[in-house]
Amino acid sequence: MNKVTVIGLGAMGTALANTLHDKGVQVTVWNRSAEKAVPLIAKGMRCAPNVAAAIEDSSLIIISVLDYLAVTAILHNAEESLRGKTLVNLTNGTPSQAREMAYWILQRGAEYLDGGVMVTPELVGGENAFVFYSGSASAYQQHQSILTLLGGPVYVGENIALAAIYDLALLSSMFGMFGGYIHAAALLRSEKIPVAEVTPMIMSLLNAMIELFPQTAQEIDSGVYPQPNSNNTMMTAGLHNILVASEEQSVRDDLIKPIWELFNQASRNGLGDKDISALPQLLTTKTRAKNIDAKKSCEQ
């Protein structure tokens, strides 16, 4: 139980292997480019000659590569070795990819956990690190002590798609913040204003807004939307001014225009006097809504 195989030695895979090794776990590694294993071998880790041997060396297999296509290509070369093993896939992907991979793994007699590492490689194993897991509850319980070494484990349920949903939702929030900051920087630079000079004020504003998230979340979950003074119609006007100013300053509006379009849609669909908590309902596609309705009908 104190042995783990790590497949994939990119930045994240290397961080996973190093963290486990440094915390006393016997680690076997494998990578398609063998030279990436050289520094790990020097630290005392074992490099398997092929992926099948790597899988056979441990009961717990952790894989972290570029994408699910790479996962599939690697594991197809070692299908017979998977029986009786637990595969933890920490490759970033989509819910449907997680479902398909789980089905494929289970058909080969192995347990499967899908996961999402919510820190950059250099923070793996640190006090702020946490990792989402979904899938086999028994496999998670069996290997929880090892998984805890990588960061706080957050098991979100047996529905295999949940870890990907949690992962992508958090990343969506992060990239949305990045998008706003990048556009702000472009506006500032258009008048030769030092971005570093304004960044503390941006951070102060964002911190104040983040404190409103729990209340907004309750409104979204309950479907009860307040009518604030700064409602969606006012937000639409403010966003339109950003678009106009961006054009005036020769700054592209690629990052901001979709946000204005969403607020504008809310204003045109009777949600102008509501808070931003009313906006997520506008992002559900008609196809998804029909599928949800059909599922409810079947359950009734």
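The structure under discussion appears in the preceding block.
As the structure is a computational prediction, the values presented were derived from the model and not from experiment.

Colleague: Where do I start with the sheet that holds strand E6 (residues 111-117) in this structure?
Modeller: Each strand in a sheet pairs with another by means of backbone hydrogen bonds, the pair being arranged parallel or else antiparallel. Taken in spatial order, the 8 strands line up as E3-E2-E1-E4-E5-E6-E7-E8 in an open sheet, and their pairing is mixed. Here the strands that pair on one side only, and so sit at the sheet edges, are strand E3 (46-47) and strand E8 (152-155). Pairing of strand E2 (residues 26-30) with E3 involves 2 bridges; the strand directions are parallel. Counterpart to Val29 in the pairing with E3 is Cys47. This element, helix H5 (residues 95-107), spans strand E5 (86-89) and E6 of the sheet and lies at about 150° to E6.

Colleague: So what exactly am I meant to see when it comes to the side chain of Glu219 here?
Modeller: Inspection of the secondary structure assignment puts Glu219 in helix H9 (residues 213-222). For Glu219, which is buried and forms no salt bridge, the nearest opposite charge comes from Lys274, at a distance of 10 Å. Side chain to side chain, Glu219 and Ser277 meet in a polar contact 2.8 Å long. The residues touching Glu219, leaving out its near neighbours within four places in the chain, are Val224, Tyr225, Pro226, Asp275 and Ser277.

Colleague: Sorry, what's going on with unusual backbone geometry here?
Modeller: Generally, phi is negative for residues other than glycine and the peptide bonds are trans, each holding for most cases. The phi angle at Lys192 is positive, at roughly 60°, despite the residue not being glycine. Structurally, Lys192 can be placed in the loop between helix H7 (162-190) and helix H8 (195-210). The class for Lys192 is exposed, based on a relative accessible area of 77%.

Colleague: Sorry, what's going on with the environment of Leu170 here?
Modeller: Mapping Leu170 onto the fold places it in helix H7. Residue classification places Leu170 among the partly exposed residues on the basis of a relative accessible area of 36%. When the C-alpha atoms of Leu170 and Thr285 are compared, they prove to be 20 Å apart, with 115 residues separating the residues in sequence.

Colleague: When you look at helix H11 (residues 257-268) in this model, what are you seeing that I'm missing?
Modeller: Owing to its 3.6 residues per turn, the α-helix brings residues three or four apart onto one side. An ideal rise of 1.5 Å per residue puts 16 Å on 12 residues; H11 measures up with 16 Å between its terminal C-alpha atoms. Turning to H11, its buried residues are Trp260, Leu262, Phe263, Asn264 and Ala266. Packed against the buried residues of H11 are helix H10 (232-248). Among the residues trailing H11, Gly270 stands out with phi positive, at a value near 80°.

Colleague: Would you take a moment to explain the packing of aromatic side chains for this structure?
Modeller: Each pair of aromatic rings is reported with the distance of its centres and the angle of its planes. In total, this model carries 5 aromatic pairs according to the counting rule given. Ring plane angle 55° and centroid distance 5.1 Å describe the contact between Phe132 and Tyr166, whose orientation is recorded as tilted. One end of the pair, Phe132, is in strand E7 (residues 130-135); the other, Tyr166, is in helix H7, and 34 residues separate them in sequence. Given the relative accessible area of 35%, Tyr166 is considered partly exposed. Relative to Tyr140, the ring of Tyr133 lies with its centre 5.9 Å away and its plane at 45°, an arrangement referred to as tilted. Judged by its relative accessible area of 0%, Tyr133 is buried.

Colleague: Quick question: what am I supposed to make of the pattern of salt bridges here?
Modeller: Pairing is possible between side chains that carry opposite charge, provided their charged atoms lie close to one another. Scanning the entire structure with this criterion turns up 5 salt bridges. Notably, a salt bridge pairs Asp57 with Arg46, separated by 3.3 Å at the nearest N-O pair. One end of the pair, Asp57, is in the loop between helix H3 (51-56) and strand E4 (60-63); the other, Arg46, is in strand E3, with 11 residues separating them in the sequence. Connected via shared salt-bridge partners are Lys3, Arg46 and Asp57.

Thresholds applied
- Within each chain, residues carry numbers counting from 1 in the order of the written sequence.
- Totals for whole chains, interfaces and linings use all residues, but because this is a predicted model, local features are given only for residues with pLDDT of at least 70 and pairs of side-chain atoms are given and counted only at 80 or more.
- Excluded from the side-chain calculation are hydrogens and water; included are all heavy atoms of the structure.
- In this analysis, strands are considered paired if DSSP registers two or more bridges between them.
- Secondary structure follows DSSP: runs of H or I at least 4 residues long count as helices, runs of E at least 2 residues long count as strands, and numbering of each begins at the N terminus.
- Note on contacts: a residue pair qualifies if any of its non-hydrogen atoms lie within 4.5 Å across the two residues.
- Comment: axis = line fitted to C-alpha atoms, over the contacting stretch for helices; angle = value between 0 and 180 degrees taken between N-to-C directions.
- When a residue's accessible area, from a 1.4 Å probe over protein chains only, is under 20% of the maximum for its type it is buried; when over 50% it is exposed; and in between it is partly exposed.
- Just so you know, the count uses Lys and Arg for positive and Asp and Glu for negative, and it drops His and the chain ends.
- Note on definitions: salt bridges are taken to be side-chain nitrogens of Lys or Arg within 4 Å of carboxyl oxygens of Asp or Glu.
- Whenever two N or O atoms come within 3.5 Å, that pair is a polar contact, provided that in protein one can donate a hydrogen and the other can accept it, and provided that, for residues adjacent in sequence, both atoms are side-chain atoms.
- By this rule, a helix spans an expected 1.5 Å times one less than how many residues it contains.
- Geometry of aromatic contacts follows a simple scheme: Phe, Tyr and Trp rings, the Trp one being its six-membered ring, pair when their centres are within 6.5 Å, and the pair is stacked under 30 degrees between planes, edge-to-face over 60, tilted otherwise.

These results come straight from atomic positions and should not be treated as a statement about function.
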